[in-house]
Amino acid sequence: MDRIIKGVMKYRRCHRDGMVKQFQQVKDHPEPKAVFFTCMDSRMIPTRFTETNVGDMFVVRNAGNIVPHCNHFIDELTMCEPAALELGCVVNDIRHVIVCGHSDCKAMNLLYALRDETFSSQFNRRMSPLRAWLCAHASSTLSKFQQLEITSFHEPLLFQAETPMRRFVAYIDPEDKFAIEDKLSQINCLQQLQNIASYGFLKRRLETHDLHLHALWFDIYTGDIYYFSRANKRFVDINDLTETPLLKEIKEYYS
């Protein structure tokens, strides 16, 4: 708290006046452009690495950047994540939903460890909300991972996107650059797009291509950010060489 209080004082001295001006500019007419789901990991600062500002995005954070599938609920109004989707995409008419995972994700590291039945059996889910959360809402990610593991990560995975007819194929880390847990994290990122598309209150907008789903992945050790390219069937590093082709792909795919 000592560090936080000192940080507040520095904000008052250095940044408050500028932020108040920004708040006043968007106060009555904020126009956020994206709902951004990401992990609660302290190393993830999405507004910094996307260079977004006041009023630009709704940011939703949890352990593992997970959006539970609608089948987990008796109805669709029982958890934060679907409520955030409704607030962003229905109430505020936002057209882009982004899921952003990252390397060395502690939630994904634990999910990977839970593959081991001996390890998993040592813990009572009632005593661990984190394990209960992962077992309930990340089992589909783990199933996809195990499916890929059988093929030694050489075969692609199939995901359902905005509609049943708009599926996409994904090769996960074909160059074998990342740790095994990071491969799981990338799969998890893509699985959330399928989960988001399960909600009935988004169906019409998804079917009319008025709502678009994207996946990003952040390497916390290099600072590189990857966009999942449906044309390339893989996560592509966003850099000077790929920026124009990626923007062209996004424009064509979502037009």
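Going by the structure above, here's the rest.
Keep in mind that what you see is a predicted model, and the values were worked out from it rather than measured.

(A) Molecular detail of the overall build of the protein chain. A count of helical and extended segments in the protein chain gives 11 helices and 8 strands. Over its C-alpha atoms the protein chain spans a radius of gyration of 19 Å, differing by no more than 12% from the 18 Å that the globule rule assigns to 255 residues. Projected onto its principal axes, the C-alpha positions of the protein chain cover 55 × 45 × 45 Å. Relative to its full complement of 255 residues, the protein chain shows a buried share of 42%. With an accessible surface of roughly 14,300 Å², the protein chain has 54% of that area assigned to carbon and sulfur atoms.

(B) Highlighting the packing of aromatic side chains. Overall, the coordinates contain 10 aromatic pairs when judged by the stated rule. Between Phe159 and Phe168, the aromatic rings sit 5.4 Å apart at their centres with planes inclined by 15°, giving stacked as the arrangement. With a relative accessible area of 1%, Phe159 lands in the buried category. Its relative accessible area of 3% is what places Phe168 among the buried residues. Aromatic pair Phe178 and Trp217: ring centres 4.9 Å apart, planes at 65°, arrangement edge-to-face. In this pair, Phe178 is assigned in the loop between strand 5 (167–170) and helix 9 (180–196) and Trp217 in strand 6 (residues 212–218), connecting sequence segments 39 residues apart. On the basis of relative accessible area, Phe178 is assigned to the buried category, the value being 13%. Aromatic rings pair up to connect Phe159, Phe168, Phe228 and Phe235 into one cluster. The cationic tip of Lys183 hangs over the ring face of Phe153; the distance from NZ or CZ to the ring centre is 5.5 Å.

(C) Focus on the sheet that holds strand 3 (residues 96–102). An order of 2-1-3-6-7-8 is seen for the 6 strands of this open sheet, with the pairing classed as mixed. One side of each edge strand has no neighbouring strand; the edge strands of this open sheet are strand 2 (57–62) and strand 8 (234–237). Taking the axes of each pair of neighbouring strands and ignoring which way they run, one obtains an average angle of 25° across the sheet. As paired elements, strand 3 and strand 6 share 7 bridges and run parallel to each other. Its bridge partner being in strand 6, Ile98 is matched across the sheet by His214.

(D) Just the pairing of strand 4 (residues 157–160), in detail. Side-chain alternation along strand 4 places Leu157 and Phe159 on a buried face and Leu158 and Gln160 on a face that remains uncovered. Hairpin geometry of strand 4 and strand 5 is characterised by an intervening segment of 6 residues between the two adjacent antiparallel strands.

(E) Spatial organisation of empty space enclosed by the protein. Counted by the stated rule, this structure contains 1 cavity of 30 Å³ or more. Of the pockets and cavities examined, the largest cavity occupies roughly 30 Å³. Along its surface, the largest cavity is lined by Tyr227, Phe228, Arg230, Glu249, Ile250, Tyr253 and Tyr254. At the level of elements, strand 7 (225–229) and helix 11 (243–253) are the ones that each hand at least two residues to the lining of the largest cavity. Element by element, the count of residues in the lining of the largest cavity is highest for helix 11, at 3 residues.

(F) Main features of the layout of surface pockets. The computed volume of the largest pocket comes to approximately 540 Å³. As for the largest pocket, its lining consists of 19 residues, of which Ile98, Leu216, Tyr227, Leu247 and Ile250 are closest to the centre. For the lining of the largest pocket, the elements supplying multiple residues, two or more each, are strand 1 (34–39), strand 3, strand 6, strand 7 and helix 11. The element that contributes the greatest number of residues to the lining of the largest pocket is helix 11, accounting for 4 residues. Within the lining of the largest pocket, the residues separate by chemical class into 12 nonpolar, 4 polar and 3 charged. Put simply, the second largest pocket is a space of about 430 Å³. Every residue lining the second largest pocket is listed: Gly7, Lys10, Tyr11, His15, Met19, Gln22, Ile45, Thr47, Arg48, Thr52 and Asn53. Those elements that place two or more of their residues in the lining of the second largest pocket are helix 1 (2–14), helix 2 (16–26) and helix 3 (46–49). For the lining of the second largest pocket, a count of residues per class yields 3 nonpolar, 6 polar and 2 charged.

Parameters and conventions
Position labels on residues start from 1 in each chain and follow its written sequence. In view of the model being predicted, local features appear only for residues whose pLDDT reaches at least 70, and side-chain atom pairs are presented and counted only at 80 or more, with totals across whole chains, interfaces and linings using the full set of residues. Side-chain measures here rest on the full set of heavy atoms in the structure, leaving out hydrogens and waters. Elements are defined by DSSP. Helices are runs of H or I of four residues or more, strands are runs of E of two residues or more, and each kind is numbered from the N terminus. Note that the radius of gyration is over C-alpha atoms, with the globule rule given as 2.2 Å times the number of residues to the power 0.38. Burial classes follow relative accessibility: with a 1.4 Å probe on protein chains only, a residue under 20% of its type's maximum area counts as buried, one over 50% as exposed, and anything between as partly exposed. Computed with a 1.4 Å probe, the accessible areas rest on the Shrake-Rupley method; for each residue, only the protein chains presented here act as cover. Each Phe, Tyr or Trp ring (for Trp, its six-membered ring) is paired with any other whose centre lies within 6.5 Å, and the angle between the two planes then decides the class: stacked below 30 degrees, edge-to-face above 60, tilted in between. Here, a charge over a ring is recorded when the distance from Lys NZ or Arg CZ to the ring centre is within 6 Å and its angle to the ring normal is within 35 degrees. Here the rule is simple: two strands pair whenever DSSP picks up at least two bridges between them. Where helices are involved, their axes are fitted lines through C-alpha atoms of the stretch in contact, as for all axes, and angles between N-to-C directions lie from 0 to 180°. Within this scheme a cavity is a closed region of a 1 Å grid, computed over the protein atoms alone, that accommodates a 1.4 Å probe without allowing it to escape, whereas a pocket is open but has protein on both sides within 12 Å along at least five of seven lines; lining residues each have an atom within 4 Å of a point. Grid points are joined across faces, edges and corners, and a volume is the space filled by probe spheres set on the points. As a working rule, the residues Ala, Val, Leu, Ile, Met, Phe, Trp, Tyr, Cys and Pro are called nonpolar, Asp, Glu, Lys and Arg charged, and the rest polar, with Gly in that last group.

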